[in-house]
Protein chains: 2
Amino acid sequence: MLTGHQTWTFAQPPVILSTATVVGPDEAAGPLARDFDIVHGDLMLGQDSWEKAERKLLEESTKLAVENAGLTNGDIQMFVAGDLLNQIISATFAARTLAVPYLGVFGACSTSMESLALASLIVSSGAAKHAIAATASHNCTVEKQFRYPTEYGSQKPPTAQYTVTGSGAAVIGASGEGPRVTRATIGRVVDMGIKDPFNMGAAMAPAAVDTIQAHFRDTGLEPGDYDMIVTGDLASVGYSIARELFDKHNVRIDQTNYYDCGLLVYDVERQSVQAGGSGCACSAVVTYGHLLKRMKAGELNRLLVVATGALLSPLSYQQGESIPCIAHAVAIESGRS
Amino acid sequence: MLTGHQTWTFAQPPVILSTATVVGPDEAAGPLARDFDIVHGDLMLGQDSWEKAERKLLEESTKLAVENAGLTNGDIQMFVAGDLLNQIISATFAARTLAVPYLGVFGACSTSMESLALASLIVSSGAAKHAIAATASHNCTVEKQFRYPTEYGSQKPPTAQYTVTGSGAAVIGASGEGPRVTRATIGRVVDMGIKDPFNMGAAMAPAAVDTIQAHFRDTGLEPGDYDMIVTGDLASVGYSIARELFDKHNVRIDQTNYYDCGLLVYDVERQSVQAGGSGCACSAVVTYGHLLKRMKAGELNRLLVVATGALLSPLSYQQGESIPCIAHAVAIESGRS
C-alpha cells in the first residue's frame, strides 16, 4: 500500500462511479462550458448571501453525483469534503443536508485531491462501500474573506488569480464501471518564503513540483507513463515557474502533456481573470467535468492530477507570515491500455 | 472493516506508540496538572502573538510525541491534524516544521478523534508505517476569533465554556507496545436548531448521543463493554442533556462510568471556567494525558472517547444559522482482559 515515503498504491483500485460539476457564469463563459452538468447564470443562485450560494453549489453537486451513480444517500457511508471558508462551513452545511458520516478536511485548493485520496483510501480499505469526495468555492466569498470587501471593487495585479465559482463531487465505490484511482501521493508543506497573497501561483509551484518528484521517486514511474499531468491552479505565473523547476530538477516531463486547471477553465486571454483560475473548485470541476469526460471518450487513459493549495489565512498574512503551500497528487486511469 | 453503517472495526488494531501533551496555566491549575508533559505558566509561550503561541503548543506536542516513540521525523509518513483557527493555520505551520506528508482536517473540537480515527485507518491499511494525530487550541485565539476581541473583557453567561490552552499528539504504529485503537465511529452532522454560541454544550449533546447510539447499533456491543465512556467537551450543561438523552433513547449507560473531558480538565466549582472546558485540546489532553496514563496504570482497559465538535463559524452565526454539530467516537483498549 505505502510505496516509498509518501505514495499510496491501491492494490484494488477504487472506482469513480460518477461525478457531478456545478459552475457559475464566468466558468460557463469559458472554453469548458459544455463539460459541466449544472450552469448558473447568476452568482447568487437565488440565495440571500454568497456563502449560502456556495453551499448550494456543493449541495447540488453532491446530490447529482449520488443520482448519477444510481444510488441514494442511504448508500453513502462517508462524505469527505472541505472548502475555503472559515471552519469549512460550506462542507459542513452540505453534510447536514446529506445526513451521512462526515470527515471535514482542509487543504485550501488542494482539497479536491485531498478528499479524493482519502475517499479512495476509505473505500479501498473497506471502511465504506461508497464515499463522496467533494469541494466547492465561490468567487465572491473568497474575495470577501481573503482579500477586500467586494464592494470596494479594488484592482488587482496581473499575478492575481480568479477564484472559480463551482463545485465538483465524485462518488467512489469498491467495484463497478468507471475510471479507477490507482495511486495517491500526499504532499508535504513547502514554503519558499513568498508573502504576496496576490501571487499564489508562484508560492504554490514549488509544492506541486515537490509532490510530482515524490510521486515518481516513490513509484519508479516516469512522467511519460501518464498521458497527461495537470496541476490544480498555478495559473500562468505558477505554471511557468513549475516548468522551469522541472527543468532545474531534471524532471523529464514532456511539457506538451503538462497542463494546469487554472489555465484550462478560463480563456485567460479573453476573460478578465488575471493569471487564471484558482479556488477549491478549479481542479475539481476541470477534473470531474472536463478531464474525466475526455477519459470516457478515449482521449486519455492515464491521468495525474496534482491539486495545489496555498494554506494561508488573512491573519497569518497580516502577522507577516509567508505562505505555506501543499500539493496532493492522484492518479486516475481508464483501465484501457 | 466497515461494521454497520458508520463504524470501522480494525482487524489488526493499530497501536498508540506514544503521546505527548502540552498545556497552559489554567490547565496546570486544574485537577489533572500532573498528567501533562509540558506545562506553560504563561499564555504567550514567549511568542509575540497568541496565534504563534498556539502553533508552538502543537509543535511541542508533536516533537515530544515523536521523541517519546523513539522515532525521528523521518520515520513519520503522515501528519493528520487540525485546529480551530481559520484555515487551520496552527496545524499547517506545525506541518511545515515537521516536514512530513500532511492531511489537514477540520472537525472543530471533534478534531482530536477525527485525526486519531484517520491516522489509525491510514496505519491499519498500510498507507503509513507511522502517523501522528494531533490538535491544539488556545483560549485567547478562540476568544478573539469566535467571540469578542479579548481586550473587551466581556462577560459570559454560565452556559459558556472555557477553551483549553493546550495540545495533544499521538504517534500511531502498526505494531509495538501500547494501547490499541480497536474501533472508530464517524459521526453525522446533527443540528437541533440551537443558535446560541454561548451554549455549545446544549448544541453538541445530541450529536454525541447520536454517535454513541450508532456505535452500539453498529457493533452490537453494550455500554457495559467499556470501562469508561467519555465525551469531548459538553461541560456541565451538555453533560446533563446527554444523560437525559441516554434515558430518553433507552441507551443503557451505567452513568457512573460516563464522564466528560470538559468537566475533568478543570475544577469547575473552583476555577472561573463557566460550564467547563472546551476546544480541540480539551479531549486531546485529557485522553492522551490523563486517560491513557490511567490505562497504563491498569485502572482502565476499554475506553470509548466521543469527541464533540460545534461546526459553526462567526459568519454563519451572524447570518442567522443554527449550529451544526458532530461527534466522532474512538475505542482504545489496553489489550488486557
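Fair warning: this is a prediction, and the values are worked out from it, not measured in the lab. Sequence order as written defines residue numbering, which begins from 1 separately in each chain. Chain letters and ligand numbers both follow the written order, the letters beginning at A and the numbers at 1. Two thresholds apply to this predicted model, a pLDDT of at least 70 for residue-level local features and 80 or more for giving and counting side-chain atom pairs, whereas whole-chain, interface and lining totals are computed over all residues. Each side-chain value is worked out from all heavy atoms of the structure, with water and hydrogens disregarded.

### As for the confidence of the model for chain A
Values of pLDDT, ranging from 0 to 100, describe the predictor's confidence in every residue of the model. Averaged over all residues, the pLDDT of chain A is 96; the fraction at 70 or higher stands at 100%. Reported confidence for the predicted complex is 0.98 by ipTM and 0.98 by pTM.

### A word on the interface of chain A and chain B
Contact between two residues is taken to exist if any of their heavy atoms lie within 4.5 Å; hydrogens are not considered. The partner chain B presents 60 residues to the 60 residues of chain A that form the contact. Across the interface of chain A and chain B, roughly 4,700 Å² is buried in total on both sides, 64% from carbon and sulfur atoms. Think of a salt bridge as a Lys or Arg side-chain nitrogen and an Asp or Glu carboxyl oxygen that are within 4 Å of each other. Applying the counting rule to chain A against chain B returns 6 salt bridges. Here Glu321 of chain A makes a salt bridge to Arg96 of chain B, at a shortest N to O gap of 3.7 Å. Counted as a polar contact is a pair of N or O atoms within 3.5 Å, where, for protein atoms, one must be capable of donating a hydrogen and the other of accepting one, and residues adjacent in sequence contribute only when both atoms are in side chains. On the surface where chain A and chain B come into contact, there are 26 residue pairs in polar contact (both at pLDDT 80 or more). Within the residue set of the side of chain A that touches chain B, elements represented by two or more residues are helix 2 (50-68), helix 3 (89-98), strand 6 (102-104), helix 4 (111-124), helix 5 (139-146), helix 10 (314-318) and strand 15 (325-333) of chain A. Defined in terms of a 1.4 Å probe, buried area is the accessible area two parts forfeit on being brought together, summed over both. Helix and strand assignments follow DSSP, with helices taken as H or I runs no shorter than four residues and strands as E runs no shorter than two, numbered in order from the N terminus.

### Thoughts on the packing of aromatic side chains
Only rings of Phe, Tyr and Trp enter the pairing, Trp through its six-membered ring, and a pair is recorded when the two centres are within 6.5 Å. The plane angle decides the type: under 30 degrees is stacked, over 60 is edge-to-face, the rest tilted. Taken as a whole, this structure holds 12 aromatic pairs over all chains when the rule is applied. Note on Phe246 of chain B and Tyr258 of chain B: the rings are 5.3 Å apart at their centroids and 85° apart in plane angle, and the pair reads as edge-to-face. With Phe246 of chain B in helix 7 (residues 235-248) and Tyr258 of chain B in strand 12 (residues 258-260), the pair connects residues that are 12 residues apart, well separated along the chain. Neither residue differs from the other here; Phe246 of chain B and Tyr258 of chain B are each classed as buried. An aromatic cluster of three or more residues is present, and its members are Tyr239, Phe246 and Tyr258 of chain A. Over the ring of Phe93 of chain B we find Arg55 of chain B; its NZ or CZ atom is 4.0 Å from the centre of that ring. Between buried and exposed lies partly exposed: a residue is buried under 20% and exposed over 50% of the maximum accessible area for its type, with that area taken using a 1.4 Å probe on protein chains only. Consider the ring centre and the ring normal. A charge sits over the ring if Lys NZ or Arg CZ is within 6 Å of that centre and within 35 degrees of that normal.

### Thoughts on the packing of helix 6 (residues 200-219) of chain A against helix 7 (residues 235-248) of chain A
All names here are of chain A. What counts as an axis is a line fitted to C-alpha atoms, over the stretch in contact for a helix, and the angles between N-to-C directions run from 0 to 180 degrees. Between helix 6 and helix 7, the shortest axis-to-axis distance is 8 Å and the interhelical angle comes to 40°. One way to sum up the angle between helix 6 and helix 7 is to call them oblique. Helix 6 and helix 7 meet at a crossing whose hand is right-handed. Residues Gly201, Ala202, Ala205, Pro206, Val209 and Ile212 of helix 6 touch helix 7, and the partners they reach there are Val237, Gly238, Ile241, Ala242, Leu245 and Phe246. Charged means Asp, Glu, Lys or Arg here, nonpolar means Ala, Val, Leu, Ile, Met, Phe, Trp, Tyr, Cys or Pro, and polar covers whatever is left, Gly included. Partitioned by chemical class, the residues of the contact of helix 6 with helix 7 number 10 nonpolar, 2 polar and no charged. Working definition: roughly parallel below 35 degrees, roughly antiparallel above 145 degrees, roughly perpendicular at 65 to 115 degrees, and oblique for all remaining angles. For any pair of crossing helices, the crossing counts as left-handed if the nearer helix is rotated counterclockwise from the farther one by less than a right angle, and right-handed if it is rotated clockwise.

### Brief notes about the pairing of strand 9 (residues 166-173) of chain B
All names here are of chain B. Among the 8 residues of strand 9, 8 are classified as buried, and the element is accordingly described as predominantly covered. Covered by surrounding structure in strand 9 are Gly166, Gly168, Ala170 and Ile172 together with Ser167, Ala169, Val171 and Gly173, the residues of both alternating faces. Pairing between strands requires that DSSP locate at least two bridges from one strand to the other. Two strands pair when backbone bridges link them, and strand 3 (residues 15-23) and strand 9 are joined in this way by 8 bridges, in the antiparallel orientation. Note that in strand 9 the partner of Val22 across the bridge is Ser167. By the bridge criterion, 8 bridges tie strand 7 (residues 130-137) to strand 9 in an arrangement that is antiparallel.

### Considerations on the layout of surface pockets
Gaps between atoms show up when a probe of the same size as a water molecule is rolled over them. As a volume, the largest pocket reaches approximately 630 Å³. Here a cavity denotes grid points, spaced 1 Å and computed from the protein atoms alone, that fit a 1.4 Å probe unable to get out, and a pocket denotes an open set having protein on both sides within 12 Å along at least 5 of 7 lines; residues with an atom within 4 Å of a point are the lining. Together, 27 residues line the largest pocket, and Asn86, Gln145, Pro314 and Leu315 of chain A together with Asn86 of chain B are the ones closest to its centre. Within the residue set of the lining of the largest pocket, elements represented by two or more residues are helix 5 and helix 10 of chain A together with helix 5 (139-146) and helix 10 (314-318) of chain B. When residues of the lining of the largest pocket are assigned to their parent elements, the largest contribution, 4 residues, is made by helix 10 of chain A. Tallied by class, the residues present in the lining of the largest pocket amount to 11 nonpolar, 11 polar and 5 charged. Grid points are joined across faces, edges and corners, and a volume is the space filled by probe spheres set on the points.

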